[in-house]
Amino acid sequence: MAEGVALVVQAAHPESSHRGLEGALCCGVQGRKHWEVAKVTREKSGLYYLNKGGLITILALENIMGKNGINAILNMAGLPHLIDNYPPDNLAREFDFADYTALLEALEDMYGPRGGRGLALRAGRATFDRVLKDFGPMVGMADLAFKVLPLNVKVKVGLRVMGETITKLTDQINEVEDAGDHYLYKILQCPQCWGRKTDKPCCHVATGLLQEGLHWLSGGKEFRVAEVACMAVGDESCDYVVYKEPLS
Ligand SMILES: [Zn+2]
């Protein structure tokens, strides 16, 4: 858990069988000692992701872990006001980067780094599918997906368009560089690791989003995407290597 973060989980349930997810969920059962989640204020970033981006991430997680699971995550993230009160389905920039980060951090706290990563990847894929793809026609993405073009051209233009679209719609800033056998997709202002300190790169939503975008553009191919630098570990930006050759 990073310093200054929104919550402290204390007082594990006395029965070891109630630790972890179950433990967090068992709050509310009367007459027993349960997990206590004490919230302190997490400093807001003043930078914003789209409401719709926050909503799709929460819905993707709810879809996987159920209503009780997402409620527990929102509690752990210090965002109980969002329980049964999800962000509106619109394109206003109102979902603070600090809240988005808190959500992802709570996923890791509850499911461990591996489990949290898997869930974040799926949320990222859903975000491309249900948010960014809608902008396809507007920014030429759909043309790109359905046109007969060499795959390398689709990947090159597609990454640039995805980066520019996200930069335009949100306070996330992206740049794409050609680095020979791969592209370097750089996030210079990142909603996934705002104020976080970690040992390893932790911004997995964008990995899933890039994978899904390339999957769609290429007509079903999988691409290797790896986060190789991360502001949470002290790097200047969150950087993703996107290999030009698909895996399949
Ligand atoms: Zn990041």
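Draft legend 1. Inspection of the nonpolar core at higher detail. Residues Ile-73, Leu-103 and Cys-193 are the most contacted members of the largest nonpolar core, which totals 62 residues. Secondary structure elements with two or more residues in this core: β3 (48-50), α2 (51-76), α3 (97-130), α6 (151-169), β6 (182-189), α7 (204-217) and β8 (238-243). Top element by residues in this core is α3. It accounts for 14 residues.

Draft legend 2. Structural context of the sheet that holds strand β7 (residues 225-229). Reading across the sheet, the 4 strands line up as β5-β6-β8-β7 and stay open at both edges, with antiparallel pairing between neighbours. Edge strands, defined here as strands with exactly one partner in the open sheet, are β5 (173-178) and β7. Neighbour-to-neighbour, the strand axes of this sheet turn through a mean angle of 25 degrees, independent of strand direction. Two elements, β6 and β8, share 6 bridges in a ladder whose sense is antiparallel. Bridging across to β8, His-182 finds its partner in Tyr-243. Sheet strands touched by α6: β5, β6 and β8. Its angle to β5, the strand with the most contacts, is close to 165 degrees.

Calculation criteria
- Residues numbered from 1 in each chain as written.
- Predicted model: local features only at pLDDT ≥ 70, side-chain atom pairs only at ≥ 80, totals over all residues.
- Core = buried A, V, L, I, M, F, W, Y, C linked by C-beta atoms within 7 Å.
- Buried ≥ 20, exposed ≤ 12 C-beta atoms within 10 Å, placed from the backbone.
- Helix = DSSP H or I, 4+ residues; strand = E, 2+ residues; numbered from the N terminus.
- Pairing = 2+ DSSP bridges.
- Axes fitted to C-alpha atoms, helices over the stretch in contact; angles between N-to-C directions.
- Contact = placed C-beta atoms within 7 Å.

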